[in-house]
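# Tertiary structure, described
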Amino acid sequence: MRIGVVTFPGSLDDRDAVRAVRIAGGTPVSLWHDDADIKGVDAVVLPGGFSYGDYLRCGAIARFSPVMNEIIRLAGPPDQVSSGLPVLGICNGFQVLTESHLLPGALVRNEKQQFICRDQKLRIERTSTAWTNGYAEGQEIVIPLKNGEGGFIADESTLDRLEGEGRVVARYLDVNPNGSRRDIAGISNASGTVVGLMPHPEHATEAGYGPEANNGTDGLAFFTSALQGVLSA
Amino acid sequence: MTSDSINTYGENLDALGASAPLTEQQRQALDTVDKARKTPDVDQPWAALGMKADEYEAVRKILDRRPTGSELAMYSVMWSEHCSYKSSKVHLRQFGEKTTPAMQEHLLVGIGENAGVVDIGQGWAVTFKVESHNHPSYVEPYQGAATGVGGIVRDIISMGARPVAVMDPLRFGALDHPDTHRVLPGIVAGVGGYGNCLGLPNIGGEVSFDPCYQGNPLVNALAVGTLRHEDIHLANARGNGNLVVLFGARTGGDGIGGASILASDTFTEGGPTKRPAVQVGDPFAEKVLIECCLDLFKADVVQGIQDLGAAGLSCAFSELASNGDGGMLVHLDRAPLRDSTLAPEEILMSESQERMMAVVTPEDLPGFLAITTRWDVEATVMGEVTETGRLVVLWHGETIVDVPPRSVAHDGPVYDRPYARPDWMDVRQAAVPDLLPRPQNDTELGELVVTMAGTPNLASRSWVTDQYDRYVQGNTAQAMPDDAGVLRVDESSGLGVAIATDCNQRFAALDPYTGAQLALAEAYRNVGVAGGRPLAVTDCLNFGSPEDPAVMWQFAEAVRGLADGCQQLGIPVTGGNVSLYNQTGTTAIHPTPVVGVLGVLQDVARRTPSGWKAPGAQLFLLGT
Amino acid sequence: MGRVVIDVMPKPEILDPQGKAVVGALARLGFAEFAGARQGKRFELEFEGEVDQAVLDRAREAAQTLLSNPVIEDVVAVRAASDPE
Amino acid sequence: MGRVVIDVMPKPEILDPQGKAVVGALARLGFAEFAGARQGKRFELEFEGEVDQAVLDRAREAAQTLLSNPVIEDVVAVRAASDPE
Ligand SMILES: Nc1ncnc2c1ncn2[C@@H]1O[C@H](COP(=O)(O)OP(=O)(O)O)[C@@H](O)[C@H]1O
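Only a predicted model underlies this, so the values are computations on that prediction, with no experimental measurement involved. (Residues numbered from 1 in each chain as written. Chains lettered and ligands numbered in written order. Predicted model: local features only at pLDDT ≥ 70, side-chain atom pairs only at ≥ 80, totals over all residues. Heavy atoms only, no water.)

So, on to the overall build of chain B. When you go through chain B residue by residue, the secondary structure sums to 21 helices and 21 strands. In terms of C-alpha radius of gyration, chain B reaches 25 Å, essentially the compact-globule figure of 25 Å for 624 residues. For chain B, the C-alpha atoms occupy an extent of roughly 85 × 55 × 45 Å along the three principal directions. Burial analysis of chain B (624 residues in total) assigns 61% to the buried set. Sequence-distant contacts, at least 24 apart, represent 83% of the contacts inside chain B between residues at least 6 apart. When the accessible surface of chain B is split by element, carbon and sulfur atoms take 53% of a total near 24000 Å². Positive and negative charge centroids in chain B, built from 45 and 76 side chains respectively, lie 1 Å apart. (Helix = DSSP H or I, 4+ residues; strand = E, 2+ residues; numbered from the N terminus. Rg over C-alpha atoms; globule rule 2.2 N^0.38 Å. Buried < 20%, exposed > 50% of the residue type's maximum accessible area, 1.4 Å probe, protein only. Contact = heavy atoms within 4.5 Å. Areas by Shrake-Rupley, 256 points an atom, 1.4 Å probe, with all protein chains shown as cover. Lys, Arg positive; Asp, Glu negative; His and termini not counted. Charge placed at Lys NZ, Arg CZ, Asp CG, Glu CD.)

Have a look at this one:
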């Protein structure tokens, strides 16, 4: 099972995503921003970081890279029900996905105007996605959150539509760390193949190197889900 | 090899940024070596550049003529306290002298290089160093702190290591003082903004408040890197005909301070445009530079890489040449500029961030440029290594610098400044804790504990550390709030390191000798209790003006204390930084010798976090 | 050397956390008379030559594809540096 | 309801990493004719009433103390929303 991990200039968590894929039992494949060839991978992770410095808007410049053009083509439009290439965008990757319009809405500056790094409790709301089928619906997990621009916003009708179609994948519990509308931590496209998530599951895949809660491995199922999903597809 | 032979790598000539020829007027205004010979009596602004009369005379003696404006720029900045350690050198020697061969057992690279390198076993090595960026952070808190992190990280890269973590010992005035409000948020955001964007976990540091830092906050930054033994690189310019390549950001007028005086001498027409008061960091450019350098080392297409920090090109040219075979010829007009009005003196002194300089063999140049192109990093062949023993700098073909590189980089002035224990130490030491009121009963004791827990120096630091990414890279086993940061180095064996930084400036103020040792002992203990075996020390010595004998005494005592302490504990100082002139008016800060200790853990899985995690555990008090 | 100025503002109906923070800070500093604030971006692009309509059209295209995110932002002005808003 | 517009730009001599990123991206997207770019901020402040000189003076004060960092930025304009730049 081959999962591509894209490196943009300024990507930071690409090596962690590669490690997470490996720990989950998959074969990580490094993809380069400037190369449209995605090497026939079965799924793609867009990792966290500050692509191109995120100076203009987070993810705005990365969205126009050759590899993204190819990924956008293969992932298919956001509202299509048939499934395209599974893509998980984590943090900066989520921002790239909204800038690419593979997912609706946008991510803006944290409400408190500060970068925040914390162990964050989430509830998994949708399990019928390529990346969360290994969780139980309503399961509560703790994974790291670290971002400066993680507030999810969209207009009310888009938010209502996302809720109505069950496309909210994860929600913040206890604390809304960044002012996200309706406590949204992650959303998906209609088919559940493309998922964007602000917190970092790849930093909670190995005991001892993640949050203290639950051994720090609550994020692993994002990656094992992908393998399961691809296998059963 | 003549300068023309550079053109044999002509396909890269475009990258050389061949600049427009000088106008006749510019040529006449240019201060060349020729002109310096012919006009020995020109009045030069050495004093405005911070030089003393005898230092200027020493330069004239070395050169056997007056220096050109560009030479004066180089000497003045390289002989400054900051770059030459002229007041501290005589004391710092003890770190070397008191290091026994046994203490060097784990030392692969010792004091004197960009950063020390320590053997941690299994073929792995670690490099770490702490540096100050106090004054810039006072002027512009965010950018000052940010570029402080950027600078120390470049030191680590230049050793051939991958940077893997940062730490930030910070000191501020009283929490409720207006200046603390002005500087603190920006400094914390700057440390976070730069480090987070580089993808370096912040694994520890300090936040300390004391009125002595009002108007002079301390921003120290520590960086750690890991590498395999065979990957160690030293920055020196060896090999006649090897190329000197400048890469990274363009050169702007950042931090050139006094050089503008020289420039305005040179450029009559129009004069230089305004020069920026502060340096602005571009962490994205630095992140790309890190990956680019690691690829260059991996592809084995560089002889050595030197970071550009304080004193910019002046430092890089003279140090590379001085550490190598001793000769270098560079074409300064090839430097890609952000501001085309910069004069050569200013280019030599510019402290623009996110730049590096490499020595590359002609055969490796295509491979080198392929990698910089892949990372979209601008690279320019500036010149070549020669056997002349001279550092020669050309500007549009005219010789503007012709000096022995050692005289700039290493043989600067050395001062044994007078020092004496000040009388007020008696008063200070007489104020013993026995004079403080004691709690008289359980209630008072309880109240005291609560009060203490709420004081700024003891309360939780999470409001600071929550702004720092501690998870990135996936190897952080311990960070805030543990006693030491713990990192995994080898993913298969679990081999790792623990690092702590400490200093209690109040102890150091009461007794600098013992205070420095207490700082060492605390960092050593913090590494020990995390499960690490301490191996090496780095230090950042923050003091007031060396021209004040009382401060100089504090400095001498602290260094002696630290060197003696290291000898007793059997671990060497591998590098560090001295920051002097930390004072407001005539009032110096407390002596603040910040000490960082690095230890090794065979398996980080067996580390010991602080705090009591399991109910029912038994508590023991160890020691006296 | 010509210069094009591009102004981008958050859409009025979209929550603007930076603007909110600005109002709060203004009030704390005694500028309470400013009851609302929004923070957007101003770009200045340099163009070798005179800025005519064709250049402005290209700049608008750049503004709409790259310099703004149409989901949350509006391009409120694209003009030559010397032109009034 | 009056509105004051404040434009803040990085000082010309200061490195502007954001502008640098924008030029690079423009070039990659085929807008290479724009050889330089700088990115600044645009604030819109709301004021209950008419914006006269006194209001503008106050806004300038706010711009210089809070909305800009005088070490690295210039306040390039403070004007009523309807005024030309
Ligand atoms: N500026 C900082 N950056 C990162 N970590 C910090 C900083 N200041 C404090 N910490 C971390 O917070 C924790 C508590 O700090 P401190 O109260 O100074 O510890 P102690 O009192 O035990 O020496 C430690 O893990 C320390 O490394």
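Now that the structure has been shown, the text picks up again.
What follows deals with the side chain of B:Q44. Residues and elements named next belong to chain B. Along the chain, the position of Q44 falls in the loop between α2 (33-38) and α3 (53-63). Looking at Q44, its side chain comes within polar contact range of the side chain of Y56, at 2.6 Å. Among all residues touching Q44, those that are not within four sequence positions of it are D31, Y56, R66, P67, T68, G69 and L72. (Polar contact = N/O pair within 3.5 Å; in protein donor to acceptor, adjacent residues only side chain to side chain.)

A separate point is the relation of the copies chain D and chain C. Superposing chain D onto chain C takes a rotation of 180° combined with a translation of 0.0 Å along the rotation axis, leaving an RMSD of 0.1 Å. Taken together, the turn and the small shift mark the pair as related by a two-fold rotation axis. Interface overlap between copies: 100% of the residues of chain D at the interface are likewise at the interface in chain C, consistent with a symmetric, same-surface contact. (Least-squares fit on C-alpha atoms with pLDDT ≥ 70 in both.)

Right, let's get into the interface of chain D and chain C. Counting residues at the interface gives 39 residues for chain D and 39 residues for chain C. Connecting chain D to chain C are four salt bridges. In this structure, C:D7 and D:R42 form a salt bridge, with 2.9 Å as the shortest nitrogen-oxygen distance. Connecting chain D to chain C are 14 residue pairs in polar contact (both at pLDDT 80 or more). Residue assignment for the side of chain D that touches chain C shows that the elements contributing at least two residues are β1 (2-10), α1 (17-28), β2 (34-47), α2 (53-67) and β3 (73-80) of chain D. By residue class, the composition of the side of chain D that touches chain C is 21 nonpolar, five polar and 13 charged. Note: strand β2 (residues 34-47) of chain C against β2(D), 13 bridges, orientation antiparallel. (Salt bridge = Lys/Arg side-chain N within 4 Å of Asp/Glu carboxyl O. Nonpolar A, V, L, I, M, F, W, Y, C, P; charged D, E, K, R; others polar. Pairing = 2+ DSSP bridges.)

What follows covers the site of the ligand. Residues and elements named next belong to chain B. Within the structure, the ligand sits among 16 residues, and D168, N202, G204, M480 and D482 are positioned closest to it. D168 places a polar side-chain atom, nitrogen or oxygen, 2.3 Å from a nitrogen atom of the ligand. Between the ligand and the protein, one listed contact pairs an oxygen atom with a backbone N or O atom of G205 at 3.2 Å. The fraction of the free accessible surface of the ligand (550 Å²) that becomes covered by protein chains is 79%. For the shell around the ligand, the secondary-structure elements that each account for two or more residues are β4 (162-172) and β5 (202-209). At five residues, β5 tops the list of elements feeding residues into the shell around the ligand. Tallied by class, residues from the shell around the ligand come to six nonpolar, four polar and six charged. (Near = heavy atom within 4 Å.)

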